Amino acid sequence: VITRPEMEIGRYHWMYRSSRPHRYHHVPAVRGNISPLGIQGCFECCIKCLGGVPYASLVATILCFSGVALFCGCGHVALTGTVSILEQHFSTTASDHALLSEIIQLMQYVIYGIASFFFLYGIILLAEGFYTTSAVKELHGEFKTTACGRCISGMFVFLTYVLGVAWLGVFGFSAVPVFMFYNIWSTCEVIKSLQTNVTVPGDQICVDIRQYGIIPWNAVPGKACGLILENICNTNEFYMSYHLFIVACAGAGATVIALIHFLMILSSNWAYLKDASKMQAYQDIKAKEEQELQDIQSRSKEQLNSYT
């Protein structure tokens, strides 16, 4: 096959006969990153692959994993510290807080289940985001949506909505221990300020845990006053539990935001798949009509040729 450079060289020698004839050999094209024939190189392939990444789903997955990890990890340690504070300072009898200890232990097992479930669910939603993004952008050639795929996307929308409502309740519930610890901490700050001003004795200021309903009214001592309460606030268990409950509450809020983000993404993806299915049906009908029209034209030409 004569290439274009060889044709130009031949034309040059035909126009200028006096030049010395040379023998030219065909040099194969160099396979680089970019070919003049339109072949995509490594850079173009990377750009195409990056275009198929569902960045919105990726951000929502990272936020969901971070929120669940903060809530589960910090909540587990904070509950353990809370039991230790109650046993040492507010309920010295084991039978008084036995029910509370069982409930806290059950909540810790629930935390294990929540962490495992959301780790798997986040990966599934991320995979669904990759699937839908590739479908919309047609990165894998001809893509055909099915009724099963649209049904699965709709199921994810409903399940994410239910989980979002449930996590709103979890977020509200996680704010309760923060409120309790904040009341205890603010009371300790009041005691410190009174000791500085020497106006009112701090022994008259107390915190009664029994009024919150977490231990029965016959628990002994059930309350802490003055210097005893101040010493409780200065312990490592109280300091760590208070701040860990705050972080756990923030993690629950981040998980709620992530689920709302997922809900918007899944709703958008479901609408894209629905539109893609309608477009697919329209293209199938159009292709069928064009094929029938071509068949009619070919038969008419054959009949015309037979008459002539």
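Residues numbered from 1 in each chain as written. Predicted model: local features only at pLDDT ≥ 70, side-chain atom pairs only at ≥ 80, totals over all residues. Heavy atoms only, no water.

Per an unreviewed UniProt entry, the chain goes by GPM6B protein and derives from Nyctibius bracteatus. UniProt, in its Sequence similarities (unreviewed entry) section for the chain, records the words "Belongs to the myelin proteolipid protein family." Taken directly from UniProt, the Subcellular location (unreviewed entry) text for the chain runs: "Membrane". (UniProt positions renumbered as here; feature names shortened; annotations may be inferred.)

A. Structural view of the side chain of Gln108. Its location among the elements puts Gln108 in helix H4 (residues 98-137). From its side chain, Gln108 meets the backbone oxygen of His76 in a polar contact 3.5 Å long. If we ignore the near neighbours within four places in the chain, the residues touching Gln108 are His76, Leu79 and Thr80. (Helix = DSSP H or I, 4+ residues; strand = E, 2+ residues; numbered from the N terminus. Polar contact = N/O pair within 3.5 Å; in protein donor to acceptor, adjacent residues only side chain to side chain. Contact = heavy atoms within 4.5 Å.)

B. Quick look at the state of the cysteines. Scanning all chains against the criterion turns up two disulfides. The residue that forms a disulfide with Cys188 is Cys233, at a sulfur-sulfur distance of 1.8 Å. The sign of the 60° torsion about the S-S bond sets the Cys188-Cys233 disulfide as right-handed. With a gap of 45 residues between them, Cys188 in helix H5 (residues 147-197) and Cys233 in helix H6 (residues 226-233) connect regions that are remote in the sequence. In this pair, the class of Cys188 matches that of Cys233, namely buried. Looking at the chain, its bonded cysteines, counted consecutively from the start of the sequence, adopt the pairing 1-4, 2-3. (Disulfide = S-S within 2.5 Å. Buried < 20%, exposed > 50% of the residue type's maximum accessible area, 1.4 Å probe, protein only.)

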